[in-house]
Amino acid sequence: MLEMNEKLDFLREKAGKLTRSPGVYLMKDKGGKIIYIGKAKVLRTRVSSYFNNVFALGGKTYKLVSLICDFDFIVTNSELDALVLEASLIKQHTPKYNIKLKDSSGYNYIKVTGGDYPKISYTLKTDDKEATYLGPYTSGYNIRLTVDETCRIFMLPSCGKKFPQEFIKDKKSRPCLNYHIKRCSGICRGKTSKEEYNTTIQAALDYIKNGAKESVKLLTVQMENAAEKLDFEQAAKFRDRINAIVKTETGQKIQTSKTTDYDIVTIALDAELASAAVIKYRGGRLFDKENFFLGDEYEPKQMLSDFLIEYYGAELYNDSVNITAVLEENKYTVQPVPPEIYTEEEPEDKELLESFFAEKRGKKVNIIVPKRGEGLTQVMLAKNNAREYLSLKVGRSSKELGALEELAKILGLAKPPLYIESYDISNMGENIKAGGMVVYKNGKPFKANYRKFTIKEVAGLDDYACMREVLSRRFKRYIEINANTAPADTADSAFSVFPDLILLDGGKGHVSAVREVLNELGLDVNLFGMVKDEKHRTRAIAADGGEIQVAANKQVFGLLTNIQDEVHRFSLSFQRNLHKKKTYELELTKVPGIGGKKAAALLKEFKTKQALKEASAEELAKAAKITMEKAKELKAFVKENF
């Protein structure tokens, strides 16, 4: 019964943390066996639908959900890629609950019949045990076109006649129209041998299967040779073959133009933890994906090197982390080394690793760091998978992980900044100046540690001096708290944290001003400014030595814009509240006997106009320390003017 599925809460929570990207999900039973594979336009929405309102599910799905104990997923670039990958994985794993998909409904295949004279055709079913099939493909139009073009170019029969029965039945059978218009070689005339026909069929299949660069290159040479001999009809046939190949390959990124087997290995980091993803391509098609949670992170290049060695079968030579234990915990077995391994960055001792793997494999092995093109696209897809897996472990979205990781790279930080503080100054004239501190933890606003500062020491309008005062007060508190010398009423937990990064709303001048304060206090903090463009968006990061452009990096640009907008909103809101408070104070001082201190005490106690109006004369007298007669006069004034 579903009620007995103790994993339901775990599954619901895990699904709620998934990405909104397209992809494929793999449902598993208590033994880890895959029992269902599906595709999704939005992974989080689709997978969550299984575990929300489960009693409304249909019989088959209800039973499926009752057996699910865990699930895995593979992020893809598009829904089309998810569909192709889903079909491929279903064929590979044949899950119990994928009955309809195992019947191939909705997918397109190229069918090659059995017998001495096989035919090539398009089909949606794979129910002929004597036939062989190519596919699945997602575009029915392109596959029909490919079959039609192949049959026409190689002059293969597309009629309903069967051979060699047709020869025996009627040797004088008249060929159909296709023969007369040179769309068929006329097999029914009985003048084509079985050997010759099968050679033609094999050439046609090689043409369909090898829809990659080498095939196109060979066909191009043949087309040019035919043209040089003025055999334009044959050249046109080769041209049409090239076009058909290109059309069948269009848009299917799960397939690749590379014919070499290769793996893509990436490491994803947050400020404390790490995970690895391995995506395998075999025969030009995505074959498998594995994820590993590596625990505590350390130097990325060394971690990548350690993981590669353990994954492909050597003893760990670095004691920083016991990756061997991690792999054993994942029920992992050592993998064969492919000819090529793609990574995002070079691991430690790249040449040594290549030599080691080459000796293990018996052939050359290359570790490649692609800088552009299809290779880079596939590496980033693997990186996205690693981030999504890590995000489930640390309770943070892959988008947030990616933004923090990219920000660390741009700013030259050793690690992604887990705890970010940002500051802004807001003023209205010389007498109303305020500072705001907002905190981003794990890439999200951490409002519990937001703090407000009233500027007390700066006279006049001096933004740099105000920023110096705010940061000086904040870090003096930090020093006092950690030295156990802070008064009890100032031991604020928000000030006991040492930030990984400080971002000031301002340029190089603000950074220089605050750097002086930090140097005086003997503190080494990662400090940068956020520079706005004419549309008030963060266009660059101000550093001690100049500016760092960030607009080209969408993830970092988005994160910094959010931080800058939030700190500006927070400080401006506080400044406006101070202005209102000052205005109320001035209004209250119009009452005889109510000075600035008494007005401030009243507003501190009641905070809003409405609260002040609703207060009794006794409450007013107590807050302002005035007589009842004066309190009644004050209440009448508030009621009339507020």
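Okay, so let's go over this structure. Everything quoted here is computed from the prediction, not taken from an experiment.

This part covers the sheet that holds strand S1 (residues 23-28). One open sheet accounts for 3 strands, arranged S2-S1-S3; its pairing is antiparallel. Among the strands making up the open sheet, the edge pair consists of strand S2 (34-40) and strand S3 (70-75). Taking each pair of neighbouring strands and ignoring which way they run, the sheet shows an average axis angle of 20 degrees. In this structure, S1 lies alongside S3, joined through 6 bridges in antiparallel fashion. Counterpart to lysine 28 in the pairing with S3 is aspartate 70. The strands that helix H2 (residues 43-51) touches are S1, S2 and S3; relative to S1, the one it contacts most, it runs at about 25 degrees.

Now for the packing of helix H17 (residues 463-482) against helix H18 (residues 508-520). For the pair H17 and H18, the least separation of the axes is 9 Å and the interaxial angle reads 35 degrees. Crossing hand, H17 versus H18: right-handed. Contacts between H17 and H18 pair Asp463, Tyr464, Met467, Arg468, Leu471, Ser472 and Phe475 from the former with Gly509, His510, Ala513, Val514, Val517 and Leu518 from the latter.

For any pair of aromatic rings, geometry is given as the distance between the ring centres together with the angle between the planes. The full count for this structure, using the stated rule, is 17 aromatic pairs. Their ring planes at 70 degrees and their centres at 5.0 Å tell us that tyrosine 450 and phenylalanine 570 sit as a pair that is edge-to-face. Linking tyrosine 450 in the loop between strand S14 (444-445) and strand S15 (451-454) with phenylalanine 570 in helix H19 (residues 554-588), this pair joins segments that are 120 residues apart in sequence. Per residue, the accessibility class of tyrosine 450 equals that of phenylalanine 570, and both read buried.

Let's shift gears to the pattern of salt bridges. Per the counting criterion, the structure on display carries 13 salt bridges. Salt-bridge contacts for glutamate 354 lead to lysine 350; the nearest nitrogen and oxygen are separated by 3.1 Å. In this pair, glutamate 354 and lysine 350 are both assigned in helix H14 (residues 350-361), 4 residues apart and thus about one turn of the helix distant. Across the pair, lysine 350 and glutamate 354 agree in class, each one buried. One salt-bridge network, in which partners are shared between bridges, spans Glu344, Lys383, Glu405 and Lys409.

Rules and cut-offs
Residue positions within a chain follow its written sequence, with the count starting from 1. A pLDDT threshold of at least 70 governs which residues receive local features in this predicted model, and a stricter bar of 80 or more applies before side-chain atom pairs are shown or counted, although totals over entire chains, interfaces and linings include all residues. Side-chain figures throughout are based on the complete set of non-hydrogen atoms in the structure, without hydrogens or water. By definition, two strands form a pair when at least two bridges between them are found by DSSP. Helix and strand definitions here come from DSSP, where helices need a minimum of 4 consecutive H or I residues and strands a minimum of 2 consecutive E residues; each element is numbered from the N-terminal end. All axes here are fitted lines through C-alpha atoms, helices being fitted over the stretch that makes contact, and every angle between N-to-C directions spans 0 to 180 degrees. In what follows, residue pairs with any heavy atoms lying within 4.5 Å of each other are defined as contacts. Note: crossing handedness is left-handed where the near helix turns anticlockwise from the far helix by less than a right angle, and right-handed where it turns clockwise. A pair of Phe, Tyr and Trp rings is counted when the ring centres sit within 6.5 Å of each other, with Trp represented by its six-membered ring. The angle between the planes then sorts it: under 30 degrees is stacked, over 60 is edge-to-face, the rest tilted. Note on exposure labels: buried denotes an accessible area under 20% of the residue type's maximum, exposed denotes more than 50%, and partly exposed covers the range between, all computed with a 1.4 Å probe on protein chains only. For this document, the term salt bridge refers to a Lys or Arg side-chain nitrogen within 4 Å of an Asp or Glu carboxyl oxygen.

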